[in-house]
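Analysis of the macromolecular model
Letter by letter, the chains look like this.
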Amino acid sequence: MTAKLTGTVALVTGASSGIGDATARALAEQGASVAVVARRKDRLDTLVAEIEGAGGTAYAVPADITDRSQAEQAVAEVVNQFGRLDILINNAGLMLLGTVVDQEVDEWERMIAVNQNGLLYMTKAALPHLLAAADDELRGVADIINISSIAGRQAWANFAAYNMTKFGVNGFTEALRQEITKKHIRVGLLEPGAVETELISHNNDTIKSDLAVSDAKNIPEKLQPEDIAESIAYMVTRHRRSSIAELWAMPTSQA
Ligand code: NDP
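Quick caveat, the model's predicted, so the values are computed rather than measured.

1. Considerations on the packing of helix α4 (residues 105-134) against helix α5 (residues 160-180)
Two elements in contact, α4 and α5, have axes whose closest approach is 9 Å; the angle formed by their N-to-C orientations is 15°. Comparing the axis directions of α4 and α5 gives the class roughly parallel. For the pair α4 and α5, the sense of crossing is right-handed. Taking contact as the criterion, the partners of Trp108, Met111, Ile112, Asn115, Gln116, Leu119, Leu120, Thr123 and Leu127 in α4 are, on α5, Ala161, Tyr162, Met164, Thr165, Lys166, Gly168, Val169, Phe172, Leu176 and Ile180.

2. Considering the site of the ligand
Taken together, 30 residues surround the ligand, and among them Arg39, Arg40, Tyr162, Val195 and Thr197 come closest. In the environment of the ligand, an oxygen atom lies 2.8 Å from a nitrogen or oxygen atom belonging to the side chain of serine 16. Isoleucine 65 is positioned such that a nitrogen or oxygen atom in its backbone is 3.0 Å from a nitrogen atom of the ligand. Relative to its unbound accessible surface of 880 Å², the ligand loses 95% to contact with the protein. Elements represented by at least two residues in the shell around the ligand include exactly α1 (18-29) and α5.

3. Topic: the pairing of strand β3 (residues 57-62)
The sheet contact formed by strand β2 (residues 33-38) and β3 spans 6 bridges and is parallel. If you follow valine 37 over to β3, its bridge partner there is valine 61. Between the parallel pair β2 and β3, the chain is carried across by helix α2 (residues 41-53), and the sense of this crossover is right-handed.

4. Some points on the side chain of threonine 165
Its place among the elements puts threonine 165 in helix α5. When neighbours within four sequence positions are excluded, threonine 165 is seen to be in contact with Met111, Ile112, Asn115 and Gln116.

5. Remarks on the pattern of salt bridges
Taken as a whole and judged by the stated rule, the model has 15 salt bridges. One salt bridge connects arginine 186 with aspartate 143, and the closest N-O pair in it is separated by 2.8 Å. Taken together, the residues arginine 186 in strand β6 (residues 185-192) and aspartate 143 in strand β5 (residues 142-147) connect sequence positions 43 residues apart. There is no split in this pair, since arginine 186 and aspartate 143 are both buried.

So, how was this worked out
- All residue numbers here refer to positions counted from 1 along the written sequence of the relevant chain.
- Per-residue local features are limited, in this predicted model, to residues with pLDDT of at least 70; the limit for side-chain atom pairs, both in listing and counting, is 80 or more; totals at the level of whole chains, interfaces and linings are taken over all residues.
- Water and hydrogen atoms play no part in the side-chain values, which are based on all heavy atoms of the structure.
- As a rule, the C-alpha atoms of each element are fitted with a line to give its axis, helices using only the stretch in contact, and angles between N-to-C directions run from 0 to 180 degrees.
- Numbering goes from the N terminus for both helices and strands, where a helix is a DSSP run of H or I of at least four residues and a strand is a run of E of at least two.
- Each angle gets one of four labels, with under 35 degrees taken as roughly parallel, over 145 as roughly antiparallel, 65 to 115 as roughly perpendicular, and the rest as oblique.
- We call a crossing left-handed when the near helix sits turned anticlockwise from the far one by less than a right angle, and right-handed when that turn is clockwise.
- Throughout, a residue-residue contact means that at least one pair of heavy atoms, one from each residue, lies within 4.5 Å.
- For this purpose, a residue is taken to be near a molecule or strand whenever a single non-hydrogen atom of the residue falls within 4 Å of it.
- Throughout this description, a polar contact denotes any pair of N or O atoms lying within 3.5 Å of each other; where both atoms belong to protein, one of them has to be capable of donating a hydrogen while the other can accept it, and for residues adjacent in sequence the pair is counted only when both atoms sit in side chains.
- Computed by Shrake-Rupley with a 1.4 Å probe, the accessible areas treat only the displayed protein chains as cover when residues are assessed.
- In this description, strands pair whenever DSSP reports at least two bridges between them.
- Here a crossover is taken to be right-handed if, once the strands point away from the viewer, the path from the first strand over the helix to the second is traced clockwise.
- The rule for a salt bridge is simple: a side-chain nitrogen of Lys or Arg has to be within 4 Å of a carboxyl oxygen of Asp or Glu.
- Throughout, exposure labels follow a simple rule: accessible area from a 1.4 Å probe, protein chains only, divided by the maximum for the residue type, with under 20% read as buried, over 50% as exposed, and the rest as partly exposed.

Next comes the structure, spelled out in structure tokens:
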């Protein structure tokens, strides 16, 4: 595969596991210098070592993106390290399930903090640098990819607050696309179906075992993080005239 992102700098949030980890590797393979952001520093350090061991360039930025100053500082640190920012992948997320009647408000606030506030803070901080990258000669385009979900298109009982955060991401993404696409910043929405990651593991044991039973029956073969990483790499390597505004990526086994 020809490296199409040589000279670019990509920032991936939620890169300490799952989709973000796989995406960082995929973008590094395409020649991007990749800044990886999440709270678990040990995971980020291992990922950076592995990317660099494979001949890529990576840089760990441990940060909690629900804290606005940490999000802003993370972007500033990446630009300070690499001198530019071409691609922002807003991937960090949290899915805590339960009924509206029973679920703790605290869980809703934690999801809103990561899935929505974190995405807003990172986007706002990154935009001036993305505008500058879109304006220079390297590619003449910059990218924001927001990782939403099938839960941003379809609502189900037990998913209400998570649904709300992802429906919100969908609306924000399309509005921002209309605002800045003519400045050659592509704003893309990627909505995965079920992917085999740690996402479910943050739920209580009852929810985890209920989901395991229903997933085994209804989604016998989930996507792997690499499947989504491939789609992200596709979206950010199109010709500058081509913007993939929305991509809904499902497991074949999920109806
Ligand atoms: P994981 O749980 O494996 O990854 C979530 C990532 O988000 C971790 O790296 C975690 O890192 C990071 N994160 C969580 N909170 C914060 C925070 N406060 N600050 C910085 N980073 C944070 O799940 P996935 O890879 O599955 O999830 C990635 C995205 O994909 C999410 O937005 C999710 O909603 C979406 N998605 C996932 C699907 C699936 O089936 N897995 C389906 C559809 C969408 P750390 O804990 O180290 O901070």
